[in-house]
Amino acid sequence: DAKTTQPPSMDCAEGRAANLPCNHSTISGNEYVYWYRQIHSQGPQYIIHGLKNNETNEMASLIITEDRKSSTLILPHATLRDTAVYYCIVRPDSLGGGGADGLTFGKGTHLIIQP
Amino acid sequence: DAGITQSPRHKVTETGTPVTLRCHQTENHRYMYWYRQDPGHGLRLIHYSYGVKDTDKGEVSDGYSVSRSKTEDFLLTLESATSSQTSVYFCATTGRQGGNSPLHFGNGTRLTVT
């Protein structure tokens, strides 16, 4: 019962913007969209998250559609070190009182940056 | 990331032996998590902690126990290791409960049970 759908793999040329899509058509109003990446043999690395508005930080930009059913992660100037598996995750906002409050990882998109 | 250190980084052990993995954090984060990652399964939550001495089970808790006697340390114990527990184990922490507080992960412990 995956809550997100991502392409299994994508290529991008070094120096170009990498645009990674994610569909989350069943997202609820109190669920955040998160992006993580995992470089081989390392732990998942937090990239960015958002609820409704577009977000930008030093690593990437997150564009969420107005209906919130899909989003795009943008790496503005991809480098070879951005080659990784990218995970789009829908995460509920806990209402308190305990609970795992963790993340559910799917299969992600394997992004390969080509020199 | 977020001052998380996992130890050991690699361990090989025999079936039936006890094993303890340690997660140490320097961020004073209240919430800590143990995940395992296996091919074809992604990351799965084993146990989590929402404070000192407060822990609960995750999705795949059978065969594992945890302890949290200090804010900075979260221990994962395999009482009697089995080959099915061969995996990469990741610890994660966050400072607040709720979807607006990102989890940060350590670099993992690769455990092989022979």
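The coordinates are above.
Residues numbered from 1 in each chain as written. Chains lettered and ligands numbered in written order. Predicted model: local features only at pLDDT ≥ 70, side-chain atom pairs only at ≥ 80, totals over all residues. Heavy atoms only, no water.

Asks: Just to check I follow, could you spell out the interface of chain A and chain B for this structure?
Replies: Think of interface size as the accessible area that goes away when the parts come together; that is how it is often given. Contacts between the two partners involve 25 residues from chain A and, on the opposite side, 23 residues from chain B. In total, chain A and chain B occlude about 1800 Å² of area from one another, counting both sides; carbon and sulfur atoms represent 49% of this. For the pair chain A and chain B, the interface holds zero salt bridges. Taken together, the connections running from chain A to chain B amount to nine residue pairs in polar contact (both at pLDDT 80 or more). A per-element tally of the side of chain A that touches chain B places strand β3 (residues 31-38) of chain A first, with four residues. Taken together, the residues of the side of chain A that touches chain B sort by class into 10 nonpolar, 11 polar and four charged. (Contact = heavy atoms within 4.5 Å. Buried area = accessible area lost by both parts, 1.4 Å probe. Salt bridge = Lys/Arg side-chain N within 4 Å of Asp/Glu carboxyl O. Polar contact = N/O pair within 3.5 Å; in protein donor to acceptor, adjacent residues only side chain to side chain. Helix = DSSP H or I, 4+ residues; strand = E, 2+ residues; numbered from the N terminus. Nonpolar A, V, L, I, M, F, W, Y, C, P; charged D, E, K, R; others polar.)

Asks: Got a minute to help me understand the pattern of salt bridges in this structure?
Replies: Think of it this way: side chains of opposite charge can pair up when their charged atoms draw near. Following the criterion strictly, the structure yields six salt bridges over all chains and no others. As a salt-bridge pair, K3 of chain A and E31 of chain A come within 2.4 Å of each other at their nearest N and O atoms. Linking K3 of chain A in the segment before β1 (9-13) with E31 of chain A in strand β3, this pair joins segments that are 28 residues apart in sequence. Across the pair D73 of chain B and R22 of chain B runs a salt bridge whose closest N-O atoms are separated by 3.1 Å. Linking D73 of chain B in strand β8 (residues 73-78) with R22 of chain B in strand β3 (residues 19-25), this pair joins segments that are 51 residues apart in sequence. Among the residues examined, D73 of chain B registers a relative accessible area of 8% and is labelled buried. What you see here is one network of salt bridges that share partners, running through R22, K70 and D73 of chain B. (Buried < 20%, exposed > 50% of the residue type's maximum accessible area, 1.4 Å probe, protein only.)

Asks: Would you mind going over the state of the cysteines with me for this structure?
Replies: In protein structure, a disulfide is the covalent linkage between the sulfur atoms of two cysteines. On inspection of all chains with the given rule, the structure shows two disulfides over all chains. Paired by a disulfide, C22 of chain A and C88 of chain A hold their sulfur atoms 2.1 Å apart. One quick way to see it: the torsion about the S-S bond of C22 of chain A and C88 of chain A is about -85°, and its sign makes the bridge left-handed. Linking C22 of chain A in strand β2 (residues 18-23) with C88 of chain A in strand β8 (residues 84-92), this pair joins segments that are 66 residues apart in sequence. No difference in accessibility class separates C22 of chain A from C88 of chain A, as the two residues are buried. Put simply, C23 of chain B and C91 of chain B are joined by a disulfide, and their sulfur atoms are 1.9 Å apart. Across the disulfide from C23 of chain B to C91 of chain B, rotation about the S-S bond amounts to roughly -70°, and the bridge is consequently left-handed. Here C23 of chain B, found in strand β3, pairs with C91 of chain B, found in strand β9 (residues 87-94); they are 68 residues apart in sequence, far enough to count as distant. Among the residues examined, C23 of chain B registers a relative accessible area of 0% and is labelled buried. C91 of chain B gets classed as buried once you look at its relative accessible area, which sits at 0%. (Disulfide = S-S within 2.5 Å.)

Asks: Would you mind going over the pairing of strand β7 (residues 70-75) of chain A with me for this structure?
Replies: Working note: regular strand, side chains alternate between the two faces of the sheet. Residue and element names in this part refer to chain A. Taken together, the six bridges between β2 and β7 define a ladder with antiparallel strand orientation. Looking at β7, one finds that A18 is bridged to L75. In this sheet, β7 lies alongside strand β6 (residues 61-64) in antiparallel orientation, the contact comprising four bridges. The residue bridging I63 from the neighbouring strand is T72, located in β7. Between β6 and β7, which pair antiparallel and follow one another directly, the connecting turn spans five residues, one of which, R68, has a positive phi of 65°. (Pairing = 2+ DSSP bridges.)

Asks: Please explain the environment of R44 of chain B as it appears in this structure.
Replies: Residue and element names in this part refer to chain B. Relative to the helices and strands, R44 is located in strand β5 (residues 42-51). Taking C-alpha positions, R44 is 6.6 Å from E59, a pair spaced 15 residues apart along the chain. Setting aside anything within four residues of it in sequence, one finds R44 in contact with W34, Y35, R36, D38, E59 and V60. One polar contact links R44 to D38, side chain to side chain, over a distance of 2.9 Å.

What is shown is where atoms sit, not what they do.
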